[in-house]
Amino acid sequence: MTKKHPVNEKSKQEQLEQFKTDDRNQALTTNQGLKLSEDEFSLKAGERGPTLMEDFHFREKMTHFDHERIPERIVHARGFAAHGEFELYDSLGEYTKAKFLQNPSVKTPVFVRFSTVAGSKGSAETVRDARGFATKFYTEEGNYDLVGNNIPVFFIQDAIKFPDLIHAVKPEPHNEMPQAASAHDTFWDFVANNQESAHMVMWSMSDRAIPRSLRMMEGFGVHTFRLVNAEGKAHFVKFHWKPVLGTHSLVWDEAQTISGKDPDFHRRDLWESIENGDYPEYELGLQIIAEEDEFKFDFDILDPTKLWPEEDIPVKLVGKMTLNRNVDNVFAETEQVAFHPGHVVPGIDFSNDPLLQGRLFSYTDTQLIRLGGPNFHELPINRPVCPFHNNQRDGYGRQTINKGPVSYHRNSLAANTPAPVPESEGGYAHYQEKVEGRKVRSRSESFKDHFSQATLFWNSMSDTEKEHIISAFSFELGKVKSKSVQQQVVDMFANVSTVLAKQVAQAIGATPPSGEDAPVTKSSPALSQEQTIKKPNTRKVAVIVANDFSSDLPQVLNSLKQQGIQPEIVSTTLQNVKGTDGSELEVQHTFLTSDSVLFDAVYVVGSSSADEKFRKEALTFAQEAFEHFKPIGATDEGVKWLKAAGLDSSPGVVTGETTRFADEFIEAVSAHRHWNRHVI
Ligand code: HDE
C-alpha cells in the first residue's frame with residue numbers, strides 16, 4: 001500500500017526534520033559509525049615516520065573533504081533562501097484546478113531562493129543585475145516551481161540565444177574580468193547586436209537592478225503561462241510577487257560601497273529580518289487574458305521581452321507568501337535545491353513562448369551535472385510532500401529502496417502498478433492546444449518590435465529615475481573600451497529616447513543622435529517606483545551616540561521602535577554609553593565596524609562631552625547619508641554639528657526638540673529617499 005504522507009503547513013518542515021542532525025555532545029565517529037579515539041594525528045610508522053596507507057580514518061576524512069564542492073550554478077550562482085508559507089485569499093477555481101489554489105484555509109509550504117544572475121558564488125550581492133526570485137510550492141499534488149526574476153521581461157526572445165547572452169555578460173574569458181558586472185565590452189557588444197535586449201536593458205540600468213533588500217523587490221514569472229480550470233477552459237496568465245513593504249532601491253554609489261563593506265548585505269538583511277520576526281511578505285498577483293483575446297494587443301503575448309501594462313490588464317492579488325524560517329544548512333537546502341519551470345501541477349500549463357520552451361529542457365539538464373545524477377529529487381529539500389512512485393531506478397546516490405521485482409510498465413506481476421491516474425482523478429494532462437505550422441528557424445513578425453515598450457518604460461519613469469538610468473548607462477559604457485561598441489549602443493538607444501541617447505553620448509564622448517523624441521502618448525505609472533508603498537517598518541537607523549547623551553533619547557528610540565524602525569547604536573567603542581541621568585545604552589556598532597551605507601537613515605545625537613574625532617566620524621556618517629538622499633535626524637549636540645557642516649536645512653533632514661522630533665523623523669524615514677535634496 002502507498003504510505004500516507006501528512007500534507008499540511010508543517011509537512012515540509014516535519015519531513016526535513018527527519019534528515020537533520022545535531023552533532024553537539026555526540027561521540028566522534030567515522031561514517032561507518034566507528035568511535036574514534038584520536039582526530040589530530042595521522043597514523044605514522046614512528047612519531048617522525050611516514051603516514052601509513054592503513055589509516056582509514058585519515059583517508060575517509062580527507063576524501064570527503066576533497067569532494068566537498070559541487071559545480072556552482074552556471075547562472076544565479078550567488079543566492080540565499082528561506083522557508084515560508086503561502087496562503088490564498090479566495091478560491092481561484094474559476095481559472096485553475098490547481099488544488100493549492102482552491103481553498104483559502106490551506107497553507108502551502110514554500111522555499112524561496114533569491115539570487116543575482118551573473119556573479120560567481122562568492123561575489124558581492126549589491127551589484128547591478130537582475131535578481132532571481134524562485135519559489136517552490138510543496139503542494140499535495142507535487143512540487144510547483146515559479147522560477148522568476150525581479151524584472152518582468154528578458155534580454156532575449158529565444159532560448160537558443162541564452163548561452164550567447166551569458167557568455168557575453170560573464171567575466172571575459174581571456175582575463176576573467178569583471179566579476180558580477182555587465183559594465184564591459186562583451187555584454188554591450190551583445191546588446192547592440194541583439195536589439196531585442198533593449199527593453200530589459202532599460203530595466204537593468206534602472207534602480208530595479210540595485211534593490212535595497214530582497215524583501216523590497218517585486219517578482220515576475222516573466223513568461224506567459226496558462227491556467228486551466230476543471231472544465232478544461234484555459235486563460236493566459238502572468239505571475240507577479242508584490243512586496244508588502246513596497247519596491248525600493250539603493251543608489252549606485254551606495255551599492256558599490258556596500259559591495260566592499262558588506263558583500264553579504266542582502267542575505268544578512270533577509271536572515272536578520274526572519275530571526276527578528278519581521279517576516280518578509282509578498283502578495284501573489286495574476287494578470288489574466290482570455291484565450292480568445294490573444295491577438296488583441298499591440299504586442300505578442302508570447303514574446304518574453306514584453307510586459308502586460310498593469311493599467312490595461314490589472315494585477316489581481318490572490319494570496320500572500322510569508323517567509324518565516326531560515327535554513328539550517330545553506331549547502332543542504334539553498335545550494336541543493338533544484339528549481340525547474342517544468343515542475344507544474346494540474347491546472348498550470350505552458351505557453352509557446354520560445355524562451356520558456358527552452359527553459360523546460362535546460363533546468364533538468366543542469367541539475368544532472370550540478371547535483372551529480374538523476375536522483376536529485378530525493379534530496380530532502382527537493383522531495384515533494386506527497387507520495388511519488390514510478391519505475392525509475394538506481395543511479396548515483398539513490399536513497400529509495402524500491403521493493404519487489406517489477407520496475408516496468410505495462411506489467412501483470414504488479415497488476416500494472418504504479419498506474420497512470422485519469423485526468424478526472426488528478427492525473428496531469430497537457431492542455432490540448434491546437435498547433436500547426438512548418439518547421440522553421442525564424443522569428444515571428446510579431447516579435448520584431450524591440451523598442452516600443454523600452455520607450456514606454458522610459459516614459460513612465462520619474463525625473464530622478466531617468467537621471468539614474470542615464471548615469472547607469474554612462475557608467476557602464478564608460479567602462480567599455482571599444483569606441484565602436486559605445487557608438488552602436490548610443491545609436492541603438494536613440495530608438496528608445498533621444499534624450500537618453502544624447503546625454504549618454506555626451507558622458508562617454510560618442511556622437512549624439514540627431515532628432516527629437518516623439519510626444520509621449522502612453523506611460524505606465526505602475527512601472528515607476530515613486531508610486532510604491534512607503535512604510536517605516538524594518539528601516540535601520542544608525543543612532544550616533546556618545547557618553548552623556550540627553551535623558552530624552554530612550555523615549556525617542558522607543559517611539560521609533562513602535563513604528564517598526566530599528567535604531568542601532570553606533571559609537572567609538574563597544575562599551576555601553578551612559579546618559580546624563582545614568583541610563584545606559586548597548587552599543588551595536590563602532591565607527592570602525594559599520595558605515596553609513598549599511599543603514600537607511602542616520603540620527604546624530606552626540607553629546608557635549610564628545611571629542612573632535614567623534615564629531616568628525618558622526619559627520620562622515622551624516623554627510624554620506626546626505627549624498628545618498630537618506631533621512632537624517634539630529635537632536636541635542638547633533639543639531640549644532642549638522643548646522644556647522646551646512647547639512648541642516650534640506651529636505652529629509654529633521655532637527656529639533658525631542659518632543660516633535662520623533663514624529664517628523666518617522667515621516668522622513670518612511671519616505672525612504674529625499675530626491676528633492678540638492679546634492680552637488
Ligand atoms: Fe534561468 N537558469 N534560464 N531564467 N534561472 C537557471 O538552472 C535558463 C531565465 C532563473 O535559485 C539554471 O538550476 C535558460 C529567465 C532563476 O536555483 C539554468 C534560460 C528567468 C534561476 C537556467 C533562462 C530565469 C535560474 C542554472 C533562457 C526568469 C535560479 C542553475 C531560455 C523568468 C534558480 C539552475 C535557483 C537558473 C537556464 C532564462 C530565472 C542553467 C536556458 C527568463 C531564478 O538551468
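Here the structure is a predicted model, which is why all the values come from computation and not from measurement.

**Some details on the nonpolar core**
Line of reasoning, step 1. If you look at the biggest cluster of nonpolar residues, it comprises 54 residues, and the most contacted ones within it are Trp-188, Val-201, Met-202, Ile-469, Phe-473, Phe-493 and Leu-500.
Line of reasoning, step 2. Every element with two or more residues in this core is listed here: α3 (162-169), α4 (185-193), α5 (198-204), α10 (452-460), α11 (463-478), α12 (483-493) and α13 (498-508).
Line of reasoning, step 3. Mapping this core onto the domain boundaries places at least three of its residues in each of domain 1 (79-378) and domain 2 (453-530).
Line of reasoning, step 4. If near-sequence neighbours (up to four positions away) are discounted, Val-201 is found in contact with Phe-155, Phe-187, Trp-188, Val-191, Phe-473 and Phe-493.
Line of reasoning, step 5. With 36 residues, the next largest nonpolar core counts Trp-241, Ile-274, Leu-286 and Val-344 among its residues.

**Here's the deal with the packing of α3 against α4**
Line of reasoning, step 1. It is at 6 Å that the axes of α3 and α4 come closest, and there the two elements cross at 145°. Judged by residue contacts, Asp-164, Leu-165, Ala-168 and Val-169 of α3 engage Thr-186, Phe-187 and Phe-190 from α4.
Line of reasoning, step 2. Class assignment for the residues of the contact of α3 with α4 results in five nonpolar, one polar and one charged.

**Re the domain arrangement of the protein**
Line of reasoning, step 1. Looking at the assigned domains, one finds that the protein contains domain 1 (79-378), domain 2 (453-530) and domain 3 (534-670).
Line of reasoning, step 2. Using C-alpha coordinates to define each centre, domain 1 is positioned 37 Å away from domain 3.
Line of reasoning, step 3. Contacts between domain 1 and domain 3 engage 17 residues on the former and 15 residues on the latter.
Line of reasoning, step 4. Here domain 1 and domain 3 share an interface that buries about 1,300 Å² over both sides, 53% of which is from carbon and sulfur atoms.
Line of reasoning, step 5. Between domain 1 and domain 3 we count three salt bridges in total.
Line of reasoning, step 6. Viewed at the interface, domain 3 and domain 1 are joined by six residue pairs in polar contact (both at pLDDT 80 or more).

**Re the pattern of salt bridges**
Line of reasoning, step 1. Scanning the entire structure with this criterion turns up 40 salt bridges.
Line of reasoning, step 2. Note that Asp-595 is salt-bridged to Lys-261, the shortest N-O span being 3.1 Å. Of this pair, Asp-595 sits in the loop between β15 (589-590) and β16 (601-606) while Lys-261 is found in helix α6 (residues 252-261), placing the two residues 334 residues apart along the sequence.
Line of reasoning, step 3. Judged by its relative accessible area of 48%, Lys-261 falls in the partly exposed class.

**With respect to empty space enclosed by the protein**
Line of reasoning, step 1. A complete count under the given rule lists six cavities of 30 Å³ or more for this structure.
Line of reasoning, step 2. What the largest cavity holds in volume is close to 140 Å³.
Line of reasoning, step 3. Pro-152, Phe-220, His-240, Leu-307 and Glu-310 are, among the 18 residues lining the largest cavity, the residues nearest its centre.
Line of reasoning, step 4. Here the residues of the lining of the largest cavity sort into 10 nonpolar, three polar and five charged.
Line of reasoning, step 5. In this structure, the lining of the largest cavity is formed jointly by two domains, domain 1 (79-378) and domain 2 (453-530), each of which donates at least three residues.

**Concerning the coordination of the iron atom of the ligand**
Where a metal carries four tetrahedral donors, each ideal angle is 109.5 degrees; where it carries six octahedral donors, the ideal angles are 90 or 180 degrees.
Line of reasoning, step 1. Among all protein atoms, only Tyr-363 (OH) binds the iron atom of the ligand, sitting 1.9 Å from it.
Line of reasoning, step 2. Secondary-structure assignment places Tyr-363 in helix α9 (residues 354-370).

**What about unusual backbone geometry?**
Line of reasoning, step 1. For the peptide bond that leads from Met-177 to Pro-178, omega is -10°, which places it in the cis range.
Line of reasoning, step 2. Residue placement: Pro-178 occurs in the loop between α3 and α4.
Line of reasoning, step 3. Backbone geometry places Asn-25, a non-glycine residue, at a positive phi of 60°.
Line of reasoning, step 4. The phi angle at Asp-548 is positive, at roughly 70°, despite the residue not being glycine.
Line of reasoning, step 5. With respect to the helices and strands, the residue Asp-548 is situated in the loop between β11 (540-545) and α14 (553-562).

**Details of the sheet that holds strand β12 (residues 566-571)**
Line of reasoning, step 1. Pairing is parallel in the open sheet, where six strands are placed in the order β15-β12-β11-β16-β17-β18. Two strands bound the open sheet, and with one partner strand each, they are β15 and β18 (653-655).
Line of reasoning, step 2. Sitting on the sheet, helix α15 (residues 612-627) is in contact with β11, β12, β16, β17 (632-634) and β18, with an inclination near 155° to β16.
Line of reasoning, step 3. Relative to the sheet, helix α16 (residues 637-644) contacts β16, β17 and β18, its axis offset from that of β16 by approximately 115°.

**Details of the side chain of Thr-96**
Line of reasoning, step 1. Topologically, Thr-96 is positioned in the loop between β1 (79-88) and β2 (107-116).
Line of reasoning, step 2. In terms of polar contacts, Thr-96 uses its side chain to reach the backbone carbonyl oxygen of Gly-347, at 2.8 Å.
Line of reasoning, step 3. Setting aside chain neighbours within four positions, we find Thr-96 in contact with Leu-101, Gln-102, Leu-227, Val-228, Asn-229, Pro-346, Gly-347 and Ile-348.

**Focus on the site of the ligand**
Line of reasoning, step 1. Residues in close proximity to the ligand total 22 residues, the closest being Arg-73, Arg-113, Arg-359, Tyr-363 and Gln-367.
Line of reasoning, step 2. In the model, an oxygen atom of the ligand is placed 2.7 Å from a nitrogen or oxygen of the Arg-73 side chain.
Line of reasoning, step 3. Measuring from a nitrogen atom of the ligand, one finds a side-chain N or O atom of His-76 at 3.4 Å.
Line of reasoning, step 4. Elements with a contribution of two residues or more to the shell around the ligand: β3 (131-139), β4 (142-149) and α9.
Line of reasoning, step 5. Top contributing element to the shell around the ligand by residue count: α9, with six residues.
Line of reasoning, step 6. Broken down by class, the residue content of the shell around the ligand amounts to 11 nonpolar, eight polar and three charged.

**Here we look at a nonpolar patch on the surface**
Line of reasoning, step 1. Among the surface-exposed residues, Phe-58, Met-62 and Phe-65 lie close enough to one another that they form a single nonpolar patch of about 280 Å² accessible area.
Line of reasoning, step 2. Tracing the backbone through its elements, the reader meets Met-62 in helix α2 (residues 56-66).

Definitions and limits used
Residues numbered from 1 in each chain as written. Predicted model: local features only at pLDDT ≥ 70, side-chain atom pairs only at ≥ 80, totals over all residues. Heavy atoms only, no water. Core = buried A, V, L, I, M, F, W, Y, C linked by side-chain atoms within 4.5 Å. Buried < 20%, exposed > 50% of the residue type's maximum accessible area, 1.4 Å probe, protein only. Helix = DSSP H or I, 4+ residues; strand = E, 2+ residues; numbered from the N terminus. Domains from an automatic or database assignment. Contact = heavy atoms within 4.5 Å. Axes fitted to C-alpha atoms, helices over the stretch in contact; angles between N-to-C directions. Nonpolar A, V, L, I, M, F, W, Y, C, P; charged D, E, K, R; others polar. Buried area = accessible area lost by both parts, 1.4 Å probe. Salt bridge = Lys/Arg side-chain N within 4 Å of Asp/Glu carboxyl O. Polar contact = N/O pair within 3.5 Å; in protein donor to acceptor, adjacent residues only side chain to side chain. 1 Å grid on protein atoms, 1.4 Å probe; cavity = no way out; pocket = protein on both sides within 12 Å on 5 of 7 lines; lining within 4 Å. Points joined across faces, edges and corners; volume = space filled by probe spheres on them. Donors = N, O, S within 2.8 Å, 3.2 Å for Na, K, Ca; no water. Pairing = 2+ DSSP bridges. Near = heavy atom within 4 Å. Patch = residues over 30% accessible without salt bridge, like charges linked within 9 Å, V, L, I, M, F, W, Y side chains within 5 Å. Areas by Shrake-Rupley, 256 points an atom, 1.4 Å probe, with all protein chains shown as cover.

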